[in-house]
Amino acid sequence: MPKFAILKNGVNESLVTSVQQKVTDYLGRLFETHELVTVEGISAFTYGTVQIEVQVVAWHSEDVLVKVFSYVCEDVKLTQELAEELLRLNATTSFGSFGITFDSNVIFSYSLAGANLDFNEFAAAIQTVATIADDYDEKLKELRSFQTA
């Protein structure tokens, strides 16, 4: 038997609310009010040529996820070469990962457990997603096999 707690089903609405407030406070420490847009629980800001989004979502009864993500390329042609390149990038990226959404967009995302979220790890997630997404959006678009479908 594992020595760690088994995740329990359910949603802890009060935890979702408290982590959303903490994320709002942290974003306020990182950005000026005019730099952020919040719609339906998703906060967003622009960094270079990409938009970074932050969302708090239910995970299980004792924790929530803080998702930091960016759409790097939209409407890509999914090829084996693209899949292999994204896997290679994931193998060398310490935090976060590239993926393909159901509607053929390349996304870079980084998720954090929210119950014990601290400012340093939150700021690191924001910086990681912003710099990687901004670095790779143009690189991936320049590659012939990643052109839009």
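Predicted, not measured: the structure shown is a model, and the values here were computed from it.

Enquirer: Pulling in residues and values, what's your account of the overall build of the protein chain?
Expert: A count of helices and strands for the protein chain gives three helices and six strands. Going from N to C terminus, the protein chain has its helices and strands arranged as α-β-β-β-β-α-β-β-α. When its C-alpha atoms are laid out on the principal axes, the protein chain stretches across 50 × 45 × 25 Å. In the protein chain, which comprises 149 residues, the share counted as buried stands at 36%. Of the contacts made within the protein chain by residues no fewer than 6 positions apart, 63% connect residues no fewer than 24 positions apart.

Enquirer: Help me get a handle on the pattern of salt bridges, residues and values and all.
Expert: The final tally for this structure, using the stated rule, is three salt bridges. In this structure, the salt-bridge partner of Glu84 is Arg88, at a minimum N-O distance of 3.8 Å. Of this pair, Glu84 and Arg88 both sit in helix H2 (residues 80-92), four residues apart, roughly one helical turn. Since its relative accessible area comes to 33%, Glu84 is described here as partly exposed.

Enquirer: I'd love a proper account of unusual backbone geometry, names of residues and values included.
Expert: A negative phi angle characterises most non-glycine residues, just as the trans form characterises most peptide bonds. Here the phi dihedral of Asp75 falls at roughly 50°; this positive angle occurs in a residue that is not glycine. Mapped onto the elements, Asp75 comes out in the loop between strand S4 (63-73) and H2. The class for Asp75 is partly exposed, based on a relative accessible area of 41%. Positive phi, close to 65°, is recorded for Ser104, a residue that is not glycine. With respect to the helices, strands and loops of the structure, Ser104 is situated in the loop between strand S5 (97-100) and strand S6 (106-113).

Enquirer: Just give me the short version of the sheet that holds S5, but keep the residues and values in it.
Expert: Two pairing modes exist for strands in a sheet, parallel and antiparallel, and in both the strands are linked by backbone hydrogen bonds. As summarised here, the arrangement of the six strands in space is S1-S2-S3-S4-S6-S5, forming an open sheet in which the pairing is antiparallel. In the strand order of this sheet, the two ends are held by strand S1 (37-39) and S5, each with one partner. Neighbour-to-neighbour, the strand axes of the sheet open up by a mean angle of 30°, direction not taken into account. In terms of strand pairing, S5 meets S6 through four bridges, oriented antiparallel. Paired with Phe98 across the two strands is Phe108, which belongs to S6. Running at roughly 155° to strand S3 (residues 50-60), helix H1 (residues 13-30) makes contact with strand S2 (42-47), S3 and S4 of the sheet.

Enquirer: Pulling in residues and values, what's your account of the packing of aromatic side chains?
Expert: Considering all chains together, one arrives at seven aromatic pairs under this definition. With centroids separated by 6.1 Å and ring planes inclined at 85°, the aromatic side chains of Phe69 and Tyr71 adopt a geometry described as edge-to-face. Arranged with centres 5.6 Å apart and planes meeting at 80°, the rings of Phe98 and Tyr136 form a pair that is edge-to-face. You can see Phe98 sitting in strand S5 and its partner Tyr136 sitting in helix H3 (residues 119-142), a full 38 residues away along the chain.

Conventions we followed
- Residues numbered from 1 in each chain as written.
- Predicted model: local features only at pLDDT ≥ 70, side-chain atom pairs only at ≥ 80, totals over all residues.
- Heavy atoms only, no water.
- Helix = DSSP H or I, 4+ residues; strand = E, 2+ residues; numbered from the N terminus.
- Buried < 20%, exposed > 50% of the residue type's maximum accessible area, 1.4 Å probe, protein only.
- Contact = heavy atoms within 4.5 Å.
- Salt bridge = Lys/Arg side-chain N within 4 Å of Asp/Glu carboxyl O.
- Pairing = 2+ DSSP bridges.
- Axes fitted to C-alpha atoms, helices over the stretch in contact; angles between N-to-C directions.
- Phe/Tyr/Trp six-rings, centres within 6.5 Å; stacked < 30°, edge-to-face > 60°.

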